[in-house]
2 protein chains.
Amino acid sequence: MLTRSEEDHLKAVHALLEGGASAANKDVAERMGTKASSVTMMLKKLADKGLLKLEPYHGVKLTAKGRAEALKLVRKHRLWETFLVERLGFGWDEVHEVAEQLEHVRSEKLTDHLAEYLGDPAFDPHGDPIPDRHGRITARNMRPLPAVGTGERVRVAAVKDGSDALLQLLGRKGIGIGKVFTVRDRQDFDQSLELVAADGIHLTLSAKAAAHLWVEPASPRERRAP
Amino acid sequence: MLTRSEEDHLKAVHALLEGGASAANKDVAERMGTKASSVTMMLKKLADKGLLKLEPYHGVKLTAKGRAEALKLVRKHRLWETFLVERLGFGWDEVHEVAEQLEHVRSEKLTDHLAEYLGDPAFDPHGDPIPDRHGRITARNMRPLPAVGTGERVRVAAVKDGSDALLQLLGRKGIGIGKVFTVRDRQDFDQSLELVAADGIHLTLSAKAAAHLWVEPASPRERRAP
DNA sequence: CTTTTATTTTAGCCTCATCTAATTTTTATT
DNA sequence: AATAAAAATTAGATGAGGCTAAAATAAAAG
């Protein structure tokens, strides 16, 4: 059985790797807000338990077992976020910290009943995929908004790594998961984007904000879907 | 802010006092499953934080602040139990341990939204009162079943301190909160009780089981209510 | 009012998960 | 290849929160 701290370290490693970054000792330390020496010990413990392979200076790798464990935590975290937003009326910018606590509650039954209660959702309120009980996630065809060409019509599929402040900003601009718009223009000066929503409303998004917005193709006449 | 262990000790003290017992060091130790020496330290910490008054050999007393804190924990515990049973389909004998974990999640907003979501219930699945956000609980006129006279018609109001095994046993006999029955007879030999349910079905309950059943008066013609 | 027993406290040790500071190892630069 | 820089590890400390064993204190019994 993993301690809470072990779970947190495992999740940090998984998040780093999933984000395409390497999970070297220092990366984990930075993400955890602790010191490298502390991380050395925790990673050693996780390696002893067969959850990851240590490769000093090159970043740790998760084993299949480690990945499975991490996905269970991700599943719990995202199910709770979904519950908080959809059932309890939390804003999408208010759930992370609470879900961070809830995800450590140990009960397979709880997790599965919660998932069922929520209708086995495939995505959480930020558009992140919720692994099913076997760790499988739904594949999608997404790009970050800055990679979208002028004139393309897209639908917001996820806000990746969004801080609460970013989520609030997007909320104020009326941008949420499922929102469909066309990229009208891009400013050379600051790479900010000019968007036109389906309802004709124009809005501007900074390059920094846009980088967190992942979108999928929206067929020209389509309004909403999945 | 209280640590998890401090919260557990505070809750243990509160539970002992609420149950009419004294909360001496050894009582707390027994309830916590730890040693007296460990309890000495934790109680000292709680006393330092102004949550209780130490009175060695005579049992600690909660301060107003300590009682308020304890009631917040009780509220959270019972709200989660209610959620698990009413929304997630858990049995009333399966929720204690999970609620024990959930109650430590820190978020006023979560607690209050959960309560609202559940319809601000006044009682949990075992019939125990759920304190409101100010710590107030609904008063009731209850007696333990063994104190009920032959011929009296009563309604099950709560199962106090019921182990999972007892709850399962009661479930199998069809006894739950709100169940109405008449005490038909009492065996001198073992103090077991003969009951007749509203539907005419007879059943026997051991003195040991009956001691946990708290009941309120049921007017002769009434079938069910609150 | 002693003596015995129960209860509580103290003292010292242990494990965890963190830290700082020093050291070692690896990678990168010249 | 030598050296500088970065990253990782080790060593030793700390604070929680538990333990055991011994000592102190209060309550109960005679």
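This write-up is about the structure you can find in this document.

## Digging into the interface of chain A and chain B
So, point 1. Listed as interface residues are 21 residues of chain A and, on the opposing side, 21 residues of chain B.
So, point 2. Summing both sides of the interface, chain A and chain B together bury roughly 1,700 Å²; the carbon and sulfur share of this comes to 66%.
So, point 3. Area buried by chain A at its contact with chain B is led by A:Leu88, A:Gln101 and A:Tyr117, which between them contribute 28% of it.
So, point 4. Put simply, chain A and chain B have 2 salt bridges between them.
So, point 5. Its salt-bridge partner being B:Glu94, residue A:Lys109 comes within 2.7 Å of it at the nearest N-O pair.
So, point 6. Scanning the region where chain A abuts chain B turns up 9 residue pairs in polar contact (both at pLDDT 80 or more).

## A word on the protein's contact with DNA strand C
So, point 1. A:Ser38, A:Lys45, A:Tyr57, A:His58 and B:Lys26 are the nearest of the 22 residues found near DNA strand C.
So, point 2. A share of 76% of the atoms of DNA strand C within 4 Å of the protein falls on sugar and phosphate groups.
So, point 3. In the model, a phosphate oxygen of DNA strand C is placed 3.0 Å from a nitrogen or oxygen of the A:Ser5 side chain.
So, point 4. Per-class residue counts for the surface near DNA strand C are 7 nonpolar, 11 polar and 4 charged.

## Brief notes about helix α1 (residues 4-18) of chain A
Residue and element names in this part refer to chain A.
So, point 1. Its 15 residues place the ends of α1 21 Å apart at the C-alpha level, agreeing with the 21 Å of an ideal helix rising 1.5 Å per residue.
So, point 2. Among the residues of α1, those classed as buried are Glu6, Glu7, His9, Leu10, Lys11, Ala12, Val13, His14 and Leu16.
So, point 3. On its buried face, α1 sits against α2 (25-32), α3 (36-48), β1 (52-53), β2 (61-62), α4 (64-86) and α5 (96-102).
So, point 4. Positive phi shows up at Gly20, right after α1, with a value of about 85°.

## Quick look at helix α6 (residues 108-117) of chain B
Given 3.6 residues to a turn, an α-helix orients residues that are three or four positions apart in the same direction.
So, point 1. Among the residues making up α6(B), those that are buried are B:Leu110, B:Thr111, B:Asp112, B:Leu114, B:Ala115 and B:Tyr117.
So, point 2. Those residues of α6(B) hidden inside the fold are in contact with α4, α5 and α6 (108-117) of chain A together with α4 (64-86) of chain B.
So, point 3. A positive phi of about 85° marks B:Gly119, the residue just after α6(B).

## Thoughts on the layout of surface pockets
Residues and elements named next belong to chain A.
So, point 1. Roughly 1,100 Å³ of internal volume is contained in the largest pocket.
So, point 2. Lining the largest pocket are 37 residues; nearest its centre among them are Ala15, Arg31, Arg78, Asp128 and Asp161.
So, point 3. Among the elements that make up the lining of the largest pocket, the one with the highest residue count is α1 (7 residues).
So, point 4. Counted by class, the lining of the largest pocket contains 15 nonpolar, 8 polar and 14 charged residues.
So, point 5. Both domain 1 (4-62) and domain 2 (143-217) contribute no fewer than three residues apiece to the lining of the largest pocket.
So, point 6. In this structure, the second largest pocket occupies an estimated 900 Å³ of space.

## Quick look at the protein's contact with DNA strand D
So, point 1. Neighbouring DNA strand D are 20 residues, the closest being A:Lys26, A:Lys44, B:Ser38, B:Lys45 and B:His58.
So, point 2. Each atom of DNA strand D within 4 Å of the protein belongs either to a base or to sugar and phosphate, the latter forming 76%.
So, point 3. A distance of 2.8 Å separates a phosphate oxygen of DNA strand D from a polar side-chain atom of A:Lys44.
So, point 4. B:Thr3 places a polar side-chain atom, nitrogen or oxygen, 3.0 Å from a phosphate oxygen of DNA strand D.
So, point 5. Classifying every residue of the surface near DNA strand D by side-chain character gives 6 nonpolar, 10 polar and 4 charged.

Rules used in this analysis
The written sequence of each chain sets the order in which its residues are numbered from 1. Lettering for chains starts from A, numbering for ligands starts from 1, and both go in the order in which the items are written. Two thresholds apply to this predicted model, a pLDDT of at least 70 for residue-level local features and 80 or more for giving and counting side-chain atom pairs, whereas whole-chain, interface and lining totals are computed over all residues. To get the side-chain values, take all heavy atoms of the structure and skip hydrogens and water. Throughout, a contact is declared for two residues whenever any of their heavy atoms are within 4.5 Å. What counts as buried area is the accessible surface, traced by a 1.4 Å probe, that two parts surrender upon association, with contributions from both included. For salt bridges, the criterion is a side-chain nitrogen of Lys or Arg within 4 Å of an Asp or Glu carboxyl oxygen. Under the rule applied, a polar contact is a pair of N or O atoms within 3.5 Å (in protein, one hydrogen donor and one hydrogen acceptor; residues adjacent in sequence only if both atoms are side-chain atoms). Working definition: residue near molecule or strand if any one of its non-hydrogen atoms lies within 4 Å of it. Each residue receives one of three labels: charged for Asp, Glu, Lys and Arg, nonpolar for Ala, Val, Leu, Ile, Met, Phe, Trp, Tyr, Cys and Pro, and polar for the others, Gly being one of them. Secondary structure elements follow DSSP: runs of H or I of four or more residues count as helices, runs of E of two or more count as strands, with numbering from the N terminus. For a helix, the expected span equals 1.5 Å multiplied by the residue count minus one. Only protein chains enter the calculation, and the probe is 1.4 Å; a residue is then buried if its accessible area is under 20% of its type maximum, exposed if over 50%, and partly exposed in between. Cavity: a set of points on a 1 Å grid over the protein atoms alone where a 1.4 Å probe fits but cannot get out. Pocket: an open set with protein on both sides within 12 Å along at least five of seven lines, its lining residues, like those of a cavity, having an atom within 4 Å of a point. Grid points are joined across faces, edges and corners, and a volume is the space filled by probe spheres set on the points. Each domain's extent was defined by an automatic or database domain assignment.

Just geometry here; none of it tells us what the structure is for.
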